[in-house]
Amino acid sequence: MQEKIIILDFGSQTTQLIARRVRELNIYCEILPYNKFPFGNEDGIIGVILSGSPLSVYDEKAFRVDLPRLAASYPLLGICYGAQLMAYTLGGAVEPAPSREYGRAHLSEVDSADPLFKGIEPGAQVWMSHGDTITALPEGFRVLASTPEVHFAAFRSADRPMWGVQFHPEVFHSTCGMELLRNFTVGICGAHCTWSAESFIDSTVEELRRQLGNDKVVLGLSGGVDSSVAAVLLNKAIGSRLTCIFVDHGMLRKDEFASVLRDYECLGLNVIGVDASARFFKDLEGVTEPERKRKIIGADFIKVFDEEAHKIEDVKWLAQGTIYPDCIESLSITGTVIKSHHNVGGLPEKMKLSLCEPLRLLFKDEVRAVGRALGMPEHLITRHPFPGPGLAVRILGDITPEKVRILQEADHIFIQGLRDSGLYDKVWQAGVILLPVQSVGVMGDERTYERAVALRAVTSTDAMTADWAHLPYEFLANVSNEIIRKVRGVNRVCYDISSKPPATIEWE
Ligand code: XMP
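Residues numbered from 1 in each chain as written. Predicted model: local features only at pLDDT ≥ 70, side-chain atom pairs only at ≥ 80, totals over all residues. Heavy atoms only, no water.

1. Digging into the site of the ligand
And step 1. Taken together, Arg294, Pro385, Pro387, Gly388, Pro389, Gln429, Ala463, Lys500, Thr504, Ile505 and Glu506 make up all the residues around the ligand.
And step 2. A distance of 2.7 Å separates an oxygen atom of the ligand from a polar side-chain atom of Lys500.
And step 3. Contact distances for the ligand include 2.5 Å between an oxygen atom and a side-chain N or O atom of Glu506.
And step 4. Protein burial of the ligand: of its 490 Å² of free accessible surface, 69% is covered by the chains. (Near = heavy atom within 4 Å. Polar contact = N/O pair within 3.5 Å; in protein donor to acceptor, adjacent residues only side chain to side chain. Areas by Shrake-Rupley, 256 points an atom, 1.4 Å probe, with all protein chains shown as cover.)

Written out as structure tokens, the structure reads:
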């Protein structure tokens, strides 16, 4: 049985980060909404972490849990709001702090004899982010650590397995954070740290075989790492009962369809490549509005995929490469779901298929680790993200096959240049945008009046925020020269130096 830590989410921005840190300790964990603890179905649970929250514990609408019931079965660690919830609901006091405490602090006093603080000394840096402060502990609780500003920076119950920390051990700036989380999960909860890519593959393959039996499964490949890893994992579990469909909408990168299809075949996947580019170009003719482009591409994709899938007799399941950040339901203050589980354009409902998502519990870097453990080639695993609608959202204005050709050539030079210079893996994502402007230039003795393109390269960890990549001038100069020299129809190259926010990564 899979041992696991449960993280109860009270809506904090850093809940996912707690899960990441626990997984980095090779311990399996799951995030659940604060009110969805699986009482009565608790196999494998060895401890519970209560996250932070934008709420105040004394608010009428504050999120609450049955702490005594949880603590009767598991060690609990409350972080920030989680700690305040313990203090407040068990008889202590929480009040608004005179000023919001935000940023670095240093522990001035530490009870290193307590198992939570084993190996952590006074002076350790922690990260604070709270507007309320604990002013009195419940009876039977005692303080374990303080900072100059916060007396009850950490505390515990004397008779129940409950610990609380006012600071955020999960954030990078808490230099003793990993140690503290290890002390809780391994030292206190007794985790065995056996979660690894290999153990994930073994248990998932077994689970998929049980779940799918002799059923047939269809999966849409995009060339991206998530769908590719999902396909290889399913192939390991059910072999040729998995059919993969890879649709060419005509707006992939230069030669990408053929080369990715070859990669998939080499991996032993049962894959059907469908060249539907003519249909997409026809439906996109004259369309300039970005959201309409996306809608047309989405709808056409579903039609093509549906047609192909129906050629497979008796298919019962649709598999997708959905990953954990897509699934986690974050809660808004009112308790409504602000980010809900997504699936590709309503495909499962339309096709009346059951959904199979073998990667739904993994973070992106874990998906990559699983891909490596499955023996997939590195270039498939380290590929940059690429938008579903492809180059269509990088051609500003209407789309024609000629514009796609120009963009593919320019994009190829940029991406190959990044690879040749060892810069590809240093950026999160890169591409070229074809601008809807023409400008005057001179080539030889000839006046030119041709298009401008913009190079875009960003660094990021999750695409939610991104900084423009500070690529060397020398490299940019070479790419610019090569594009203007080799790509007919382009006489000007710009570099996009906007970050997200306020810009976005794509231009449309
Ligand atoms: P933005 O432009 O919103 O992009 O900063 C964030 C990330 O999402 C990708 N992206 C898309 N992916 N369909 C997709 O599958 C889309 O319509 C789409 N739009 C943006 C983008 O490439 C970046 O990685």
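From this point, things continue past the structure.
2. Remarks on the domain arrangement of the chain
And step 1. The assigned domain composition of the chain is domain 1 (4-188), domain 2 (197-381) and domain 3 (400-495).
And step 2. For domain 2 versus domain 3, the separation of C-alpha centres amounts to 29 Å.
And step 3. The interface of domain 2 with domain 3 comprises six residues on the first partner and 10 residues on the second.
And step 4. Summed over both sides, the interface of domain 2 with domain 3 buries roughly 690 Å², with 54% coming from carbon and sulfur.
And step 5. Seen at the junction of domain 2 and domain 3, the total is two salt bridges.
And step 6. For Arg253, the salt bridge is made with Asp411, and the minimal N-O distance between the two is 2.7 Å.
And step 7. Where domain 2 packs against domain 3, one counts four residue pairs in polar contact (both at pLDDT 80 or more).
And step 8. Within the side of domain 2 that touches domain 3, the residues separate by chemical class into three nonpolar, one polar and two charged. (Domains from an automatic or database assignment. Contact = heavy atoms within 4.5 Å. Buried area = accessible area lost by both parts, 1.4 Å probe. Salt bridge = Lys/Arg side-chain N within 4 Å of Asp/Glu carboxyl O. Nonpolar A, V, L, I, M, F, W, Y, C, P; charged D, E, K, R; others polar.)

3. Examining helix H14 (residues 401-420)
And step 1. With 20 residues, H14 should reach 28 Å at 1.5 Å per residue; the first-to-last C-alpha distance of 28 Å fits that figure.
And step 2. Buried within H14 are the following residues: Lys403, Val404, Ile406, Leu407, Gln408, Ala410, Asp411, Ile413, Phe414, Ile415, Gly417 and Leu418.
And step 3. Phi for Gly422, located one or two positions after H14, is positive at around 70°. (Helix = DSSP H or I, 4+ residues; strand = E, 2+ residues; numbered from the N terminus. Expected span 1.5 Å × (residues − 1). Buried < 20%, exposed > 50% of the residue type's maximum accessible area, 1.4 Å probe, protein only.)

4. Here's the deal with the sheet that holds strand S17 (residues 354-356)
Across a sheet, strands are paired by hydrogen bonds formed along the backbone, either parallel or antiparallel in direction.
And step 1. With respect to topology, five strands assemble into an open sheet ordered S13-S12-S11-S14-S17, the strand pairing being parallel. Looking along the sheet, the strands with just one partner apiece sit at the ends: strand S13 (271-275) and S17. With strand direction ignored, the average angle separating the axes of adjacent strands in the sheet is 30°.
And step 2. In the sheet, strand S11 (residues 216-221) pairs with strand S14 (residues 315-319) via four bridges, with the strands oriented parallel. Its bridge partner being in S14, Lys216 is matched across the sheet by Val315.
And step 3. Packed onto the sheet, helix H5 (residues 197-212) meets S11, S14 and S17 and runs at close to 170° relative to S17.
And step 4. Running at roughly 160° to S11, helix H6 (residues 225-238) makes contact with S11, strand S12 (242-248), S14 and S17 of the sheet. (Pairing = 2+ DSSP bridges. Axes fitted to C-alpha atoms, helices over the stretch in contact; angles between N-to-C directions.)

5. Observations concerning the pattern of salt bridges
And step 1. Enumeration according to the criterion identifies 25 salt bridges in this entry.
And step 2. Between Asp114 and Arg156 there is a salt bridge, with its nearest N and O atoms 2.7 Å apart. In this pair, Asp114 sits in the loop between strand S6 (109-110) and strand S7 (125-136) while Arg156 sits in strand S9 (residues 154-157), placing the two residues 42 residues apart along the sequence. One exposure class covers both Asp114 and Arg156, and it is buried.

6. Observations concerning the nonpolar core
Within soluble globular proteins, side chains that are nonpolar tend to cluster in buried spots.
And step 1. Counting residues in each nonpolar core, the largest one holds 52 residues, and the members touching the most others are Val218, Phe414, Leu418, Leu455, Leu471 and Ile483.
And step 2. In terms of residue count, H14 provides more of this core than any other element does, eight residues in total.
And step 3. In this structure, this core is formed jointly by two domains, domain 2 (197-381) and domain 3 (400-495), each of which donates at least three residues.
And step 4. Residues contacting Ile483, with those up to four places away along its chain left out, are Ala410, Ile413, Val453, Leu455, Val490 and Val493. (Core = buried A, V, L, I, M, F, W, Y, C linked by side-chain atoms within 4.5 Å.)

7. Some points on empty space enclosed by the protein
And step 1. Following the criterion strictly, the structure yields two cavities of 30 Å³ or more and no others.
And step 2. Its boundaries defined by the atoms lining it, the largest cavity holds a volume of some 60 Å³.
And step 3. Every residue lining the largest cavity is listed: Arg394, Gln429, Ala430, Gly431, Ile433, Arg456, Ile505 and Glu506.
And step 4. Among the elements that make up the lining of the largest cavity, the one with the highest residue count is strand S18 (residues 429-443) (four residues).
And step 5. Per-class residue counts for the lining of the largest cavity are three nonpolar, two polar and three charged.
And step 6. Put simply, the second largest cavity is a space of about 40 Å³.
And step 7. Lining the second largest cavity, in full, are Gln2, Glu3, Asn26, Ile27, Tyr28, Cys193, Thr194 and Trp195.
And step 8. By residue class, the composition of the lining of the second largest cavity is four nonpolar, three polar and one charged. (1 Å grid on protein atoms, 1.4 Å probe; cavity = no way out; pocket = protein on both sides within 12 Å on 5 of 7 lines; lining within 4 Å. Points joined across faces, edges and corners; volume = space filled by probe spheres on them.)

8. Some remarks on the side chain of Lys403
And step 1. Among the secondary structure elements, Lys403 is positioned in helix H14.
And step 2. A relative accessible area of 12% means that Lys403 is categorised as buried.
And step 3. The residues touching Lys403, leaving out its near neighbours within four places in the chain, are Ile395, Asp398, Leu434 and Arg451.

9. Overview of the layout of surface pockets
It is the rolling of a water-molecule-sized probe over the atoms that shows where space remains empty.
And step 1. Of the pockets and cavities examined, the second largest pocket occupies roughly 590 Å³.
And step 2. Taken together, 24 residues make up the lining of the second largest pocket; nearest its centre are Tyr28, Glu30, Glu207, Arg360 and Leu361.
And step 3. Of all elements in the fold, only H5, helix H10 (324-327) and S17 reach the threshold of two or more residues within the lining of the second largest pocket.
And step 4. When residues of the lining of the second largest pocket are assigned to their parent elements, the largest contribution, eight residues, is made by H5.
And step 5. Partitioned by chemical class, the residues of the lining of the second largest pocket number 11 nonpolar, five polar and eight charged.
And step 6. Shared between two domains, the lining of the second largest pocket holds at least three residues of each, these being domain 1 (4-188) and domain 2 (197-381).

10. Brief notes about the packing of aromatic side chains
And step 1. Under the defined criterion, the tally for this structure stands at 15 aromatic pairs.
And step 2. Centroid distance Tyr102 to Trp127: 5.4 Å. Interplanar angle 75°. Geometry classified as edge-to-face. Linking Tyr102 in strand S5 (residues 93-106) with Trp127 in strand S7, this pair joins segments that are 25 residues apart in sequence.
And step 3. Accessibility expressed as a relative area gives 56% for Tyr102, which makes it exposed.
And step 4. Measuring from centroid to centroid gives 5.8 Å for Phe246 and Tyr264, while their planes differ by 85°, and the two rings are edge-to-face. With Phe246 in strand S12 and Tyr264 in helix H7 (residues 256-266), the pair connects residues that are 18 residues apart, well separated along the chain. (Phe/Tyr/Trp six-rings, centres within 6.5 Å; stacked < 30°, edge-to-face > 60°.)

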